[in-house]
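Read off the chains here:
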Amino acid sequence: MNHELRRGLSRVGHVVVLAAFVAFLAFPFYWMVLTTFKQTRDLVDTRHNPFVFNLPPTLENLRVLFHDTLFGQWILNTLYVGVLVTGITLLLAVPAGYALASLAGRWGRRLAIGIFLTYLVPPTILFIPFSRIIGRLGLQDSLWSLVLVYPSFTVPFCTWLMMGFFKSIPRDIEEAAMIDGLSRFGALVKVVVPISSAGIFTVVIFTLTLVMQEFVYALTFITSSSHYTVSVGVPTFLVRGDVYFWGSLMGACLVVSIPVAILYNFFVDRFVAGFTVGAVK
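Each residue is numbered by its place in its chain's sequence as written, counting from 1. In view of the model being predicted, local features appear only for residues whose pLDDT reaches at least 70, and side-chain atom pairs are presented and counted only at 80 or more, with totals across whole chains, interfaces and linings using the full set of residues. Excluded from the side-chain calculations are hydrogens and water; all other atoms, namely the structure's heavy atoms, are used.

**Remarks on the overall build of the chain**
Per the convention used, a helix needs a DSSP run of H or I reaching at least four residues, while a strand needs a run of E reaching at least two, with both numbered from the N terminus. If you tally the helices and strands in the chain, you get 15 helices and two strands. Seen along its three principal axes, the alpha-carbon backbone of the chain occupies a region of about 80 × 75 × 30 Å. In what follows, a contact means two residues having at least one pair of non-hydrogen atoms within 4.5 Å. A sequence separation of at least 24 residues applies to 72% of the contacts in the chain between residues at least 6 apart. Of the roughly 16400 Å² that the chain leaves accessible, carbon and sulfur atoms contribute 71%. Only the protein chains shown count as covering a residue, and every accessible area follows the Shrake-Rupley method with a 1.4 Å probe.

**Overview of a nonpolar patch on the surface**
Only residues whose relative accessible area exceeds 30% and that form no salt bridge are eligible for patches; like-charged ones are grouped when within 9 Å, while nonpolar side chains (Val, Leu, Ile, Met, Phe, Trp, Tyr) are grouped when within 5 Å. In the sections that follow, a salt bridge refers to a side-chain nitrogen of Lys or Arg positioned within 4 Å of a carboxyl oxygen of Asp or Glu. On the surface, a cluster of nonpolar side chains totalling about 450 Å² of accessible area is made up of F27, Y30, W31, F51 and V52. A 1.4 Å probe rolled over the protein chains alone gives each residue an accessible area, and that area as a share of the maximum for its type sets the label: buried under 20%, exposed over 50%, partly exposed in between. Residue Y30 is classed as partly exposed on the basis of its relative accessible area, which comes to 39%.

**Some words on the pattern of salt bridges**
In this structure the tally under the stated criterion is three salt bridges. The salt bridge involving D68 is made with R63; its shortest N-O contact spans 3.5 Å. Relative accessible area serves as the criterion here: at 40%, D68 is assigned to the partly exposed category. Three or more residues are tied together by salt bridges with common partners; here these are E60, R63 and D68.

**Details of the nonpolar core**
Take the buried residues of types Ala, Val, Leu, Ile, Met, Phe, Trp, Tyr and Cys, join any two whose side-chain atoms come within 4.5 Å, and each joined set is a nonpolar core. Counting 45 residues, the largest nonpolar core has F71, V81, L146, Y150, F166, Y217 and V234 as its most contacted members. The element contributing the most residues to this core is helix 4 (residues 71–102), with nine residues. Setting aside residues up to four positions removed in sequence, F71 forms contacts with L65, F66, V230, V234, A252, V255 and V256.

**A closer look at the confidence of the model for the chain**
Per-residue confidence from the predictor is reported as pLDDT, which spans 0 to 100. Counting all residues, the mean pLDDT for the chain is 84, and 92% of those residues have values of 70 or more. For the chain, per-element mean pLDDT is lowest for helix 15 (residues 268–280), which scores 54, and highest for helix 7 (residues 143–149), which scores 93.

**Here's the deal with the side chain of D141**
Here D141 shows up in the loop between helix 6 (123–137) and helix 7. Note that His is not counted, nor are the chain ends; the positive residues are Lys and Arg, and the negative ones are Asp and Glu. In this structure, D141 is buried with no salt-bridge partner, the nearest side chain bearing the opposite charge being R240 at 19 Å. A distance of 3.1 Å separates the side chain of D141 from the backbone nitrogen of T223, its partner in a polar contact. Setting aside its immediate chain neighbours within four residues, D141 contacts F221, I222, T223, S224 and H227. Pairs of N or O atoms are called polar contacts if they sit within 3.5 Å, as long as, within protein, a hydrogen donor faces a hydrogen acceptor (for residues adjacent in sequence, only side-chain-to-side-chain pairs).

**A short note on the layout of surface pockets**
As a volume, the largest pocket reaches approximately 550 Å³. For each structure, a 1 Å grid was placed over the protein atoms alone; sets of points admitting a 1.4 Å probe that cannot get out are labelled cavities, open sets with protein on both sides within 12 Å along at least five of seven lines are labelled pockets, and lining residues have an atom within 4 Å of a point. As for the largest pocket, its lining consists of 20 residues, and the residues nearest its centre are T78, M212, V230, V256 and V260. At the level of secondary structure, the elements contributing two or more residues to the lining of the largest pocket comprise helix 4, helix 11 (197–213), helix 13 (230–238) and helix 14 (246–266). Examining the composition of the lining of the largest pocket, we find that eight residues originate from one element, helix 14, more than from any other. Here the residues of the lining of the largest pocket are counted per class, giving 15 nonpolar, five polar and no charged. What lines the second largest pocket is a set of 13 residues, and nearest its centre among them are Y119, P123, F153, L210 and E214. Among the elements of the structure, helix 5 (106–119), helix 6, helix 8 (151–167), helix 11 and helix 12 (216–221) are those that each provide at least two residues to the lining of the second largest pocket. Charged means Asp, Glu, Lys or Arg here, nonpolar means Ala, Val, Leu, Ile, Met, Phe, Trp, Tyr, Cys or Pro, and polar covers whatever is left, Gly included. Of the residues assigned to the lining of the second largest pocket, the class counts are nine nonpolar, three polar and one charged. Grid points are joined across faces, edges and corners, and a volume is the space filled by probe spheres set on the points.

**A few points about helix 6**
With 15 residues, helix 6 extends 20 Å from end C-alpha to end C-alpha; this agrees with the ideal 21 Å at 1.5 Å per step. Fitting axes to the seven residues that end at a residue and to the seven that start at it, the angle between those axes gives the bend at that residue. The largest bend along helix 6 measures about 30 degrees and falls at P129. Immediately beyond the C-terminal end of helix 6, within one or two residues, lies G138, with a positive phi of roughly 75 degrees. The length a helix should cover is 1.5 Å for every residue beyond the first.

Here is the structure:
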């Protein structure tokens with residue numbers, strides 16, 4: 001009986017802890033939904049309960065977001081830059097990570113650490129020299145300026161990440177493929193890369209997330225509102241002096257965060273595997 005009681009209490013404890021974590025993680029989305037559909041009077045009246053609808057919900061905040069701003073264009077710009085930067089990052093980080101994983105000895109480790117340390121350089125230090133480069137290339141106020149600059153901090157980290165993942169793959173698999181007649185490049189493409197799908201997916205998620213939230217470079221290099229990304233356009237047009245369009249701001253956060261949250265939840269196992277393998281190695 002004591003054993004059964006202990007098991008029951010343990011299950012109750014697990015459920016309580018799990019429910020607390022779910023409530024903690026779900027609250028930001030609940031708050032975004034609530035604020036998005038609340039009337040302005042409901043938001044600013046301190047006598048109202050902030051956690052429920054005190055007045056009927058409204059679509060006015062979403063109308064302001066999509067009709068009075070270029071939010072749809074900003075999303076397309078962000079996706080355009082994100083897809084190109086992700087492609088460039090994979091094109092450079094995957095072979096570089098494989099080369100570093102194959103390079104044995106202390107020089108290989110030193111080179112890998114040096115590449116990773118470049119990722120830690122603050123963007124606020126680099127945006128001035130980058131702005132001169134962008135100006136000389138004639139890319140000011142162009143999305144191509146972001147496509148050119150963003151790989152400077154996505155490639156170093158993703159190279160280090162892929163190096164750790166490639167090191168976790170047994171050499172016997174690659175050698176067996178080469179014995180069967182494949183070249184080293186063929187073994188990389190047909191054997192090593194498919195096995196490393198979790199690491200590659202981690203690189204894709206990391207790069208897309210970073211592009212979506214980057215602010216300094218996008219603000220520095222882009223001046224036309226039609227070329228803004230989401231991270232710059234939303235605060236620029238929905239924060240005017242000391243006036244905050246809270247409903248529309250939360251609506252923008254909700255629209256952008258839901259696809260990312262769904263993507264993370266569907267592929268969380270691969271994402272965590274990619275980061276943990278890279279971190280261990």
